[in-house]
Amino acid sequence: MAVDFNWDEITFSFYKTDNMFVAETDEKGVWKEGEIKPFGNISIHPSAAVLNYGQGLFEGMKALRAADGSINLFRPLENGKRLNNGARRLVMQEYPPEKFVDAVKKVVKANIEYVPPEGKGAMYIRPVLWGTGPVLGVGPSAVTTLLIFVTPVGPYFKGGMKPIKLKISKDYHRAAPRGIGGVKAIGNYSATILPGKIAKSEGFAENIFLNAGDDESVEEVGAANFFAVIDGELHTPELTGSILPGITRDSLITLAKDKFGMTVRERHIPYTDLPKASELFCSGTAAVITPIGSVTIEGKEHVFNNMEVGETTKKLYDMLTGIQTKKEEDPYGWIEPID
Ligand SMILES: *Cc1c(COP(=O)(O)O)cnc(C)c1O
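The numbers attached to residues start from 1 for each chain and follow its sequence in the written order. Side-chain atom pairs in this predicted model are given and counted only at pLDDT of 80 or more, local residue features only at pLDDT of at least 70, and totals for whole chains, interfaces and linings cover all residues. Hydrogens and water molecules were not included; the side-chain quantities draw on all heavy atoms of the structure.

This part covers the layout of surface pockets. By volume, the largest pocket amounts to about 1,000 Å³. Residues are called lining when one of their atoms sits within 4 Å of a cavity or pocket point, these points coming from a 1 Å grid over the protein atoms alone, where a cavity is a set in which a 1.4 Å probe fits but cannot get out and a pocket is an open set with protein on both sides within 12 Å along at least five of seven lines. In terms of lining residues, the largest pocket is bounded by 42 residues, among which F12, Y156, A223, A286 and A287 are the most central. Elements supplying a minimum of two residues to the lining of the largest pocket: β6 (122–131), β7 (144–153), β10 (218–221), β11 (224–230), α6 (247–258) and β14 (279–284). For the lining of the largest pocket, the residue count by class is 20 nonpolar, 13 polar and nine charged. Grid points are joined across faces, edges and corners, and a volume is the space filled by probe spheres set on the points. Each helix is a run of DSSP H or I of at least 4 residues and each strand a run of E of at least 2, with the numbering of both proceeding from the N terminus. Residue type decides the class: Asp, Glu, Lys and Arg count as charged, Ala, Val, Leu, Ile, Met, Phe, Trp, Tyr, Cys and Pro as nonpolar, and the leftover types, Gly among them, as polar.

See the structure below:
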């Protein structure tokens, strides 16, 4: 099958591919062998726990074509482990992380022609874990389903990195202390749809959400982790339980310390500290590293680095994407080839 894509036109939206992976447990929660199936609609019980009570998780990963033509994943085992943390929190069956990586590779291979050429984007991989058994009262489903689909996406920054404008959300929180903000539970994201829509209507790219307990410390940007460069140090919110522990976040902390000798502080960052920063950016699989050019705090706009990409932001971006595309050495074993 020849794929007829205009690789220069693809954006971050869903394009149908050929195949998906599906695995399911039996009623006792024992995994049956998963398989590659043609991509298509699925049939689900109307009383399924995922549909009625949000017993669902997702992951987000990318397969990238490197300079040498090979196709690689980035730290996929970490996604498998994080999915299992979420499964424990939402009382679903865990899936063995090594088998998870295997399944991801199978789906990428079964859709290999949809991996964009180097520099034209990535194959975005979306694993979901759902409670698919019927429930009526709130409680765990007996059956868990793992489904993995993929779609090609364009580069996040068309025509170069562009700093975004954000606002501090004073009207809405993303996740509650001791809630489910620390896992990729689907309900966390429905909570951000309205504030995200409002922010966009006001001309912002997204919200910066504050901790719901103190209403003061910075947590995250929509679905990306937050970083600030203050006095030449790299600061990022400490993982409080309501922040999603990003794999990009973890990788950047390592690179900042190891490759650039920076002091990294994971701490409580009151939003009132932000004007002290020389650079701000956010990070995630989809956004990679996105520079933040301005933050509006209670109606007042604070501009960072003249709305230009900062030096630290740029060097971290170049190092991370360099490792991901094998232009830089990978001493950490982060790159996992699709063989
Ligand atoms: C997925 C996600 C991130 C980024 O995690 P990565 O592993 O770096 O992709 C950050 N914050 C939230 C809320 C997320 O859902």
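Picking up after the structure, the text goes on.
Only a single heavy atom is needed: when it lies within 4 Å of a molecule or strand, its residue is near that molecule or strand. Around the ligand sit 15 residues in total, of which K184, Y189, E220, T248 and T285 are the nearest. At 2.8 Å, a side-chain N or O of R82 approaches an oxygen atom of the ligand. Two N or O atoms form a polar contact when they lie within 3.5 Å of each other; inside protein one atom must be a possible hydrogen donor and the other a possible acceptor, and for residues adjacent in sequence the pair counts only when both atoms belong to side chains. Y189 places a side-chain nitrogen or oxygen 2.4 Å from an oxygen atom of the ligand. Should more than half of a molecule's atoms lie within 2 Å of a pocket's or cavity's grid points, that molecule is taken to sit in it. Taken atom by atom, the bulk of the ligand overlaps the largest pocket. Mapped by element, the contributors of at least two residues to the shell around the ligand are β11 and α6. Of the residues belonging to the shell around the ligand, the class tally is five nonpolar, six polar and four charged.

Compared with an ideal rise of 1.5 Å per residue, which puts 14 residues at 20 Å, helix α2 (residues 76–89) spans 20 Å between its outermost C-alpha atoms and is within 8% of the ideal. Listed in full, the buried residues belonging to α2 are P76, N79, G80, R82, L83, N84, G86 and A87. Directly after α2, the chain includes V91, whose backbone phi takes a positive value near 55°. To estimate how far a helix should reach, multiply one less than its number of residues by 1.5 Å. We call a residue buried when its accessible area falls under 20% of the maximum for its residue type, exposed when it is over 50%, and partly exposed in between, using a 1.4 Å probe and counting protein chains only.

Tracing the sequence through the fold places R249 in helix α6. When its relative accessible area of 4% is taken as the criterion, R249 is described as buried. Contact between two residues is taken to exist if any of their heavy atoms lie within 4.5 Å; hydrogens are not considered. Filtering out sequence-adjacent residues up to four positions away, R249 remains in contact with N225, F227, T236, P237, E238, L239, E266 and S283.

Our focus in this paragraph is the environment of G293. Inspection of the secondary structure puts G293 in strand β15 (residues 288–297). C-alpha separation for the pair G293 and P127, spaced 166 residues apart in sequence, amounts to 32 Å. Beyond its immediate sequence surroundings of up to four residues, G293 is in contact with P163, I164, H302, V303, F304 and M307.

Another point: the pairing of β11. Among the seven residues in β11, seven count as buried, and that is most of the element. Note: two strands are recorded as paired if DSSP finds a minimum of 2 bridges between them. The pairing of β10 with β11 spans two bridges and is classified as antiparallel. Bridging from a neighbouring strand, E220 pairs with N225 of β11. As consecutive antiparallel partners, β10 and β11 are separated by two residues, and within that stretch G222 has a phi angle of approximately 45°, a positive value. Pairing geometry for β11 and β14, over five bridges, is antiparallel. Directly across from F226, in β14, lies its bridge partner C282. Here β11 runs beside strand β12 (residues 233–237); their pairing, made up of three bridges, is antiparallel. From the neighbouring strand, A228 faces β12, where its bridge partner is H235.

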